[in-house]
Amino acid sequence: MARTYTETQVIVVGAGPVGLLLAGELRLAGADVVVIERLTEPTTESRASTLHARTMEILDSRGLLDGLGAVPQETRGHFGGLPLDLTLPTPYPGQWKVPQIRTEELLAEWATGLGAVILRGHELRGLTVTGDHAEAEVAAGGEVVHLRAKCVVGCDGENSTVRRLGGFAFPGAAAGRELLRADVDGIDIPGRRFERLPGGLAIAARRPDGVTRVMVCDFGSTAEPRSENVEFHEIADAWKRVTGEDISGGTPLWVNAFTDASRQAEQYRDYRLFLAGDAAHQQMPIGGQALNLGLQDAFNLGWKLAAQVQGRGPEGLLDSYHSERHAVGQRTLSNIRAQALLLLGGSEVDAAREVMGELIDEHDEVRSHLAGMISGLDVRYDVGAGDHPLLGLRLPHWPVRTGDPQHPGEDSGEDTTTAALLRPGGGLLLDLTGDAGHGDLLRSAAAPWSRLVRTVTARPTGGTPAGATTVLVRPDGHVVWAAPAGGAPTEGLTRALTRWFGEPATHQTTAPATNGRTDMGSLSGKTALVTGSSRGMGRATAIRLAKEGALVAVHYTSNEDAANEVVATIEKDGGRAFAVRAELGVPGDVHELFLGLEQGLKERTGTTTLDILVNNAGVMGGVAAEDTTPEQFDRLFAVNAKAPFFLIQRALKNLPDGGRIVNISSGLTRVANPEEIAYAMTKGAVEQLARHFAKLLGPRNITINSVAPGITRNGNPAFDIPEVVDQMAALSAFNRVGEPQDVADVVAFLASADARWVTGAFIDATGGTLLG
Ligand code: NAP
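Residues numbered from 1 in each chain as written. Predicted model: local features only at pLDDT ≥ 70, side-chain atom pairs only at ≥ 80, totals over all residues. Heavy atoms only, no water.

Details of a negative patch on the surface
There is a patch of like negative charges on the surface, built from Glu354, Glu358, Asp361 and Glu362. When its relative accessible area of 64% is taken as the criterion, Asp361 is described as exposed. (Patch = residues over 30% accessible without salt bridge, like charges linked within 9 Å, V, L, I, M, F, W, Y side chains within 5 Å. Areas by Shrake-Rupley, 256 points an atom, 1.4 Å probe, with all protein chains shown as cover. Salt bridge = Lys/Arg side-chain N within 4 Å of Asp/Glu carboxyl O. Lys, Arg positive; Asp, Glu negative; His and termini not counted. Charge placed at Lys NZ, Arg CZ, Asp CG, Glu CD. Buried < 20%, exposed > 50% of the residue type's maximum accessible area, 1.4 Å probe, protein only.)

Structure (structure tokens):
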């Protein structure tokens, strides 16, 4: 039997909504992940279908909410069957019934689009944890496969194999009651909303497709409560006893049962093993809280685990997953047990229901307290000292207008929301004060973390909400620092950045990644524009940056098919890209390019942030000096020198602190070639541009460098003539012509975090052609 070893950074067990959201979060933060799933096909059962407000916000802060359709704003909810208005200050109050299959589909598409690998038909059989890795023994199609990773996360539900194999204690209360559930076709019974009848509880809701979901709890049942192996005739009998209605003639499409058992893993983390979702907590799915609790576990864990496996997680960060989410789980389990009691208790709970109903109806603070708890909006983590009201809470979703980072007071930004600002992943230092001097102070204080935390200046546009100040927000949307009222504007900021994002000196290094990426530093969550990337070195650069995880805009001017081929190649490899057309060197060129670029970025990330600009497009001259016309000269300068200058000028609105600019020059600025005087002059101009911009952009930690290729194979017919290639190869110390990838690798390095200390430089990528 084959023993195949495969390595990754994180293994997620279970491709349900929780595992898939976690996989996407890990990828977004740059970690490699393999999801293993026992089922060979996605489930067709919709066990959990309620999305609560916080979950909708989370999906919005990854740009995923729109993919589910229009949010219905249904604020009618319940607490233990007592009507409860779920209205709260959020764009998505209340609950939304979305079939679990649809949520799973959306999350799977997102996670795989980011490069997560999902292995179906893979069942976990064994787990071994050692000092430096965890190994999973997996049964797959009659074979045993061994997967090795730094960590394994069990998102494998109530009967979690990871929990069992990892020996996690799972204490709690055993089941006392069961609720039977069936989706039935061909019956016509009255709708019932949490009807407590003398013999039991009955719920009936007809769906638009004519199928009726019935749920029944028979108060007089003496059967042992179970969560599986239930037959439709048992449900029909219970329904008859409780309501007097006969549904036995209907066609059951799906039957199941659940109990009020309530258990929680004592620890959510045991060294290299983690639990999330129902694997960590078992509860009655009253009010649809279970799925939401699980998704929020994943959202809390993803960025922390990614930091850890890439070697940049600060001490204690991973342990905060247990401390934060266990406490939330415990509280949610309590509210679910209280609800189960009110809902499924017999006449002995009537008085408690009466009192509770009165409190909800007559005291809005009781109503909003319960709504906050059920929606997940009131979750506040212990993030350290401070008295700002937002500390520890999720950043509210406010409409804002971003401002030019250098001129925060100007009305030059775009209308967006605080949710959209979180979409690229990573931390967010959000300055909502609109104070010009403030922005510079913050930027310089946060500069050492600029690859992990974006600094954005914005002003609320929906009135100034209470608590709008400068806040540091974790990738999961929780506020971990707020500028103290009356104190120095950056007081405590460095401490908070270090606590959540690591030491400034070490946070830029990353551990070796797998899945084909290098250890140079991932560009996950970054966006890049490569001009002239339909072919040649631009093409190779676009592919390379996408391989590092960047979303790449593939720019071209005439050859749309070639640009689309580059996009398809990137996507086939699990990367993300889109094509943008604009002719450079003509009036309006920069405007046209940025129209397409910003639209493409906004659609995919929710913002127009551009992290990396590669000015690669260029035209050669090939005309002797005496034959060069003024028009040819102008054209060379317009495409090769003027366009890069104005592209940079425009891109500075989009580039965050820590951004990267790489310009492609030429070895001809160092060796003489009388055929290319004008061309070489354009490249000389580009090199000057880098030198002087470098000084200007240093304070924002934006680097700008020139890469000078030598003779590089670019599809020109000359490269098909062996004698010509031999002559060209002889110029290089390596006796070969350059390949586009030779240059792309150098550009990728300059775009990476590791090149943070290189700016204004001329990088010789000529393969030793300039050695003389
Ligand atoms: P290439 O194969 O000639 O491709 C040029 C790319 O630039 C194409 O994507 C093309 O788009 C685009 N482009 C050309 N003119 C444009 C314009 N006016 N507006 C917009 N896009 C335009 O390029 P390459 O040989 O890989 O060269 C890339 C860069 O390296 C250039 O800056 C070049 O000067 C420099 N370089 C090349 C060599 C070499 O030996 N190849 C050596 C030193 C430096 P379409 O395909 O849509 O036309």
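From this point, the discussion proceeds with the structure in view.
A few points about the site of the ligand
By nearness alone, 30 residues border the ligand, and Ser534, Ser558, Asn616, Tyr679 and Asn714 come closest of all. With respect to the ligand, the backbone of Met537 contributes an N or O atom lying 2.8 Å from an oxygen atom. One of the side-chain N or O atoms of Asn714 is found 2.7 Å from an oxygen atom in the ligand. For the ligand, whose accessible area on its own is 900 Å², the fraction buried by protein is 92%. Elements with a contribution of two residues or more to the shell around the ligand: α13 (536–547), β30 (551–556), α16 (630–651) and α17 (677–697). Grouping the constituent residues of the shell around the ligand by class yields eleven nonpolar, 15 polar and four charged. (Near = heavy atom within 4 Å. Polar contact = N/O pair within 3.5 Å; in protein donor to acceptor, adjacent residues only side chain to side chain. Helix = DSSP H or I, 4+ residues; strand = E, 2+ residues; numbered from the N terminus. Nonpolar A, V, L, I, M, F, W, Y, C, P; charged D, E, K, R; others polar.)

A word on the UniProt feature "domain: Ketoreductase" (unreviewed entry) in the protein
Residues annotated in UniProt with the feature "domain: Ketoreductase" (unreviewed entry) correspond here to residues 526–710. Strand forms 17% of residues 526–710 and helix 46%; the C-alpha atoms that close the span are 29 Å apart. (UniProt positions renumbered as here; feature names shortened; annotations may be inferred.)

Brief notes about the packing of aromatic side chains
When we look at a pair of aromatic rings, we describe it by the centre distance and by the angle of the planes. Using the criterion set out here, one finds six aromatic pairs in the structure. On the basis of an interplanar angle of 50 degrees and a centroid distance of 6.4 Å, the ring pair of Phe274 and Tyr321 is categorised as tilted. Taken together, the residues span a long stretch of sequence, with Phe274 in strand β21 (residues 273–275) and Tyr321 in helix α7 (residues 319–344) at a distance of 47 residues. For Tyr321, a relative accessible area of 0% gives the class buried. Of the aromatic side chains, those joined through ring pairs into one cluster are Tyr268, Phe274 and Tyr321. Positioned above the aromatic ring of Phe170, the side-chain terminus of Arg163 is 3.6 Å from the ring centre. It is Arg670 that lies over the ring of Phe762; its NZ or CZ is 3.6 Å from the centre. (Phe/Tyr/Trp six-rings, centres within 6.5 Å; stacked < 30°, edge-to-face > 60°. Lys NZ or Arg CZ within 6 Å of the ring centre and 35° of its normal.)

A few points about the pattern of salt bridges
With the rule as written, the count across this model stands at 39 salt bridges. Asp378 is the salt-bridge partner of Arg331, the closest N and O atoms lying 3.0 Å from each other. Of this pair, Arg331 sits in helix α7 while Asp378 sits in the loop between α9 (364–375) and β23 (399–402), placing them 47 residues apart in sequence. The class of Asp378 is partly exposed, set by a relative accessible area of 25%. Three or more residues joined by partner-sharing salt bridges are found here, namely Asp183, Arg207, Asp209 and Arg213.

Description of the sheet that holds strand β19 (residues 262–264)
Taken together, the three strands give an open sheet; going across it, the order is β13-β19-β22, and neighbouring strands pair in antiparallel fashion. Each edge of the open sheet is held by one strand with a lone partner, namely β13 (172–173) and β22 (281–282). Taken together, the two bridges between β13 and β19 define a ladder with antiparallel strand orientation. Each residue of the ladder has a partner; that of Ala173, found in β19, is Ser262. (Pairing = 2+ DSSP bridges.)

A closer look at the environment of Asn616
Structurally, Asn616 is set in the loop between β32 (612–615) and α16. What Asn616 contacts, discounting residues up to four positions off in sequence, is Val530, Thr531, Gly532, Met537, Gly538 and Ile664. (Contact = heavy atoms within 4.5 Å.)

So, unusual backbone geometry
Phi at Gln73 takes a positive value of approximately 60 degrees, unusual for a residue other than glycine. Structurally, the position occupied by Gln73 is in the loop between α2 (53–60) and β5 (76–79). The backbone of Asn701 sits at a positive phi, close to 60 degrees, despite the residue not being glycine. Assignment of secondary structure puts Asn701 in the loop between α17 and β34 (703–709).

Describing the pairing of strand β6 (residues 82–85)
Burial along β6 is one-sided: the face carrying Leu82 and Leu84 is buried and the face carrying Pro83 and Asp85 is not. Bridge count for β5 against β6 is four bridges, and the pairing is antiparallel. Within β6, the position partnered with His78 by the bridge is Pro83. With antiparallel pairing between neighbouring strands as the criterion, β5 and β6 make up a hairpin whose turn holds two residues, including Gly80 at a positive phi of roughly 55 degrees.

A short note on helix α1 (residues 17–28)
With twelve residues, α1 should cover 16 Å at 1.5 Å per step; its first-to-last C-alpha distance of 16 Å lies within 8% of that length. α1 sits mainly inside the fold: twelve of its twelve residues count as buried. Of all the positions in α1, only Pro17, Val18, Gly19, Leu20, Leu21, Leu22, Ala23, Gly24, Glu25, Leu26, Arg27 and Leu28 are classed as buried. Where α1 is buried, its residues meet β2 (10–13), β3 (33–37), α3 (100–113), β8 (117–120), β12 (151–154) and α6 (289–309). Directly after α1, the chain includes Gly30, whose backbone phi takes a positive value near 95 degrees. (Expected span 1.5 Å × (residues − 1).)

With respect to the packing of α6 against α7
The interhelical angle for the contact between α6 and α7, taken along N-to-C directions, is 175 degrees, at an axis separation of 10 Å. Classified by the angle their axes make, α6 and α7 are roughly antiparallel. Here α6 contributes Gln289, Leu293, Gln296, Asp297, Asn300, Leu301 and Lys304 to the contact with α7, which in turn contributes Ser320, Tyr321, Glu324, Arg325, Val328, Gly329, Thr332, Asn335, Ile336 and Gln339. Among the residues forming the contact of α6 with α7, the class breakdown is five nonpolar, eight polar and four charged. (Axes fitted to C-alpha atoms, helices over the stretch in contact; angles between N-to-C directions. Parallel < 35°, antiparallel > 145°, perpendicular 65-115°, else oblique.)

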